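# Notes for the structure review
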Amino acid sequence: MTNPKLEVLTPSNCQVIFIDQQPQMAFGVQSIDRQTLKNNTVGLAKAAKIFSIPTIITTVETESFSGHTYPELLAVFPEAPILERTSMNSWDDQKVRDALKKNGRNKVIVSGLWTEVCNTTFALSAMHDAGYEIYMVADASGGTSQAAHDYSMQRMIQAGVVPVTWQQVLLEWQRDWKNRDTYDAVMALVKEHSGAYGMGVDYAYTMVHKAPERVTHGPTLEPVAAKI
């Protein structure tokens, strides 16, 4: 039997779940810069939107502890229901199980907080109880220390979880630059969220291919030597 994990991720074979991307949870993250964490999480969300990937958003103890999901993430999916729960393990909530089953895709891409608690327990339970394949987005997740993140990632990998990064997922979905239906949106996302890669794209477009700059600005004033 062919190992299903040898299949590349495509827009038709996977779904995404965001677990507890909430401010109080982010306050405790020490394994990754928090602004980078938010950038990567929102980048992944926008990628899922571009490729029409079924997406689930779960929250824990919003009013009593964790606060509301990042507005930048919610803005990507303004119509999506927020699946609130009490358990640290999303799998313990029937709404989450039902949403995963309804989407009908066995490959589940996970971005969440914290890696060592909510991500790990969900991943192990979903694999054990229902046979889901879990793809953990390591740079759109965070733990309370570097060791907490790293060792929980190792534990999950030993159990069969596939580690990925958000940009890896994006480009795996795009796969071929001749796929023009998503090309422009992917390039726009890269420019906004992919750091040095995005800067390089801007440079290549404007300096090599002589495309116009993507923002309008005031006039460029020529150099004028100061009088000595």
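Residues numbered from 1 in each chain as written. Predicted model: local features only at pLDDT ≥ 70, side-chain atom pairs only at ≥ 80, totals over all residues. Heavy atoms only, no water.

In this structure the tally under the stated criterion is four aromatic pairs. Consider the rings of Trp91 and Tyr132, whose centres lie 6.1 Å apart with planes at 75 degrees: the pair is edge-to-face. In this pair, Trp91 is assigned in the loop between strand E3 (82-85) and helix H5 (94-103) and Tyr132 in the loop between helix H6 (115-130) and strand E5 (133-137), connecting sequence segments 41 residues apart. Classification of Tyr132 as buried rests on a relative accessible area of 11%. What links up through ring pairs into an aromatic cluster is the set Trp91, Phe122 and Tyr132. Over the face of the ring belonging to Tyr70 we find Lys38, whose NZ or CZ atom lies 5.4 Å from the ring centre. When the ring centre of Tyr183 is taken as origin, the NZ or CZ atom of Arg180, which lies over that ring, is 4.0 Å away. (Phe/Tyr/Trp six-rings, centres within 6.5 Å; stacked < 30°, edge-to-face > 60°. Helix = DSSP H or I, 4+ residues; strand = E, 2+ residues; numbered from the N terminus. Buried < 20%, exposed > 50% of the residue type's maximum accessible area, 1.4 Å probe, protein only. Lys NZ or Arg CZ within 6 Å of the ring centre and 35° of its normal.)

What follows deals with the UniProt feature "domain: Isochorismatase-like" (unreviewed entry) in the chain. If you check UniProt for "domain: Isochorismatase-like" (unreviewed entry), the listed places come out as residues 16-168 in our numbering. For the annotated span residues 16-168, helix accounts for 48% and strand for 18% of the residues, and the straight-line distance between the end C-alpha atoms is 14 Å. (UniProt positions renumbered as here; feature names shortened; annotations may be inferred.)

A word on the sheet that holds E3. One open sheet holds the six strands; their spatial order is E3-E2-E1-E4-E5-E6, and the pairing between them is parallel. Looking at the sheet topology across the chains shown, the edges are occupied by E3 and strand E6 (162-164). Strand-to-strand, the axes of this sheet are offset by a mean angle of 25 degrees, without reference to chain direction. The pairing of E5 with E6 spans three bridges and is parallel. Looking across to E6, one finds that Val137 is bridged to Val164. Sheet strands touched by helix H2 (residues 34-50): strand E1 (14-19), strand E2 (55-60), strand E4 (107-112) and E5. Its angle to E1, the strand with the most contacts, is close to 150 degrees. Against the sheet, H6 makes contact with E1, E3, E4 and E5, and its axis sits at roughly 160 degrees relative to E5, the strand it touches most. (Pairing = 2+ DSSP bridges. Axes fitted to C-alpha atoms, helices over the stretch in contact; angles between N-to-C directions. Contact = heavy atoms within 4.5 Å.)

Scanning all chains against the criterion turns up seven salt bridges. When the shortest N-O distance is used, the salt bridge between Arg85 and Asp20 registers 2.7 Å. Here Asp20 lies in the loop between E1 and helix H1 (23-27) and Arg85 lies in strand E3, a separation of 65 residues in the sequence. In this pair, the class of Arg85 matches that of Asp20, namely buried. A salt bridge links Lys38 to Glu72, with the nearest nitrogen and oxygen atoms 3.2 Å apart. A residue pair is termed long-range when its members are at least 10 positions apart, and Lys38 in helix H2 and Glu72 in helix H4 (residues 71-74) qualify at 34 residues. In this structure, a network of salt bridges that share partners links the residues Glu7, Lys107 and Glu133. (Salt bridge = Lys/Arg side-chain N within 4 Å of Asp/Glu carboxyl O.)

Take the pairing of E1 next. Moving residue by residue along a regular strand, the side chains alternate between the two faces of the sheet. Most of E1 sits out of view: six of its six residues are buried. Neither face of E1 is exposed, since Cys14, Val16 and Phe18 on one face and Gln15, Ile17 and Ile19 on the opposite face are all buried. Pairing of E1 with E4 involves six bridges; the strand directions are parallel. Considered in E4, the bridge of Gln15 is made with Val108. Note: E1 against E2, four bridges, orientation parallel. Residue Ile19 lies in a different strand from E2, and its bridge partner there is Thr58.

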